[in-house]
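Structure assessment
Listed below are the residues making up each chain.
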Amino acid sequence: MKKVLALVCMICLGLGMSLQAQSKTSTSTYKGTGAEIEFEKKVVDFGNLKVGDVKVVTITYKNIGKKPLILDDVISSCDCTEVEWSKAPVMPGKTGTIKATYTAKNTGLISKRITVLSNANTDRVILQLKGEVK
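Across its full length, the protein carries 1 helix and 8 strands. Its helices and strands in sequence order give the protein the pattern α-β-β-β-β-β-β-β-β, from N to C terminus. Counting the 134 residues in the protein, one finds 30% classified as buried. Relative to all contacts within the protein whose residues are 6 or more apart in sequence, the contacts with residues 24 or more apart total 68%.

And the structure:
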């Protein structure tokens, strides 16, 4: 019985030390010294559109961090929205752009998402395109 109790104590102690080491690692890793992305606006309102209308919007972002910012991917939530962006790193203090082209295909409210994946401390940002097709 003493051996089992000692084994359980050793396992608990090992798990506790492991969790403590992980929390120290994650806390000390983020010091605000990496790349960081800030968008001029995260929501674009197209207002009222007609079926067949094409809207092009340029969304500006800035690297407010201390290391080069790289956009790994920019993903549209549907095939009605095409996105383009520069693959070149954005240096600290500099800006970049994402170009989104929306084609109105069906009537109704618009609520499309663009997901921006990057090496920033905030590595995933969701942008929204909204409006109404009449």
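From this point on, the discussion continues.
A few words now on the sheet that holds strand 8 (residues 124–133). The strand order across the open sheet built from 4 strands is 2-8-7-4, with neighbouring strands paired in mixed fashion. Each of the sheet's edge strands pairs with one partner strand only, and the pair in question is strand 2 (43–49) and strand 4 (71–76). This sheet shows a mean twist of 15° between the axes of neighbouring strands, independent of strand direction.

What follows covers the environment of K67. Mapped onto the elements, K67 comes out in the loop between strand 3 (54–63) and strand 4. When the C-alpha positions of K67 and G93 are compared, they lie 9.6 Å apart, and in sequence the two are 26 residues distant. Ignoring sequence-local partners within four residues, the contact set of K67 consists of T33, G34, A35, V90 and P92.

Rules and cut-offs
- Note that residues are indexed from 1 along each chain, following the sequence as it is written.
- Given that this is a predicted model, residues contribute local features only at a pLDDT of at least 70 and side-chain atom pairs are listed and counted only at 80 or more, while totals for whole chains, interfaces and linings are drawn from all residues.
- Excluded from the side-chain calculation are hydrogens and water; included are all heavy atoms of the structure.
- Counting from the N terminus, the helices are the DSSP runs of H or I reaching at least four residues and the strands are the DSSP runs of E reaching at least two.
- Throughout this description, buried means an accessible area under 20% of the type-specific maximum (1.4 Å probe, protein chains only), exposed means over 50%, and partly exposed covers the range between.
- Working rule for contacts: check all heavy atoms of both residues, and any pair within 4.5 Å makes them a contact.
- We call two strands paired when DSSP finds no fewer than two bridges between them.
- A fitted line through C-alpha atoms represents every axis, and for helices the fit uses only the stretch in contact; the resulting angles, taken between N-to-C directions, go from 0 to 180 degrees.

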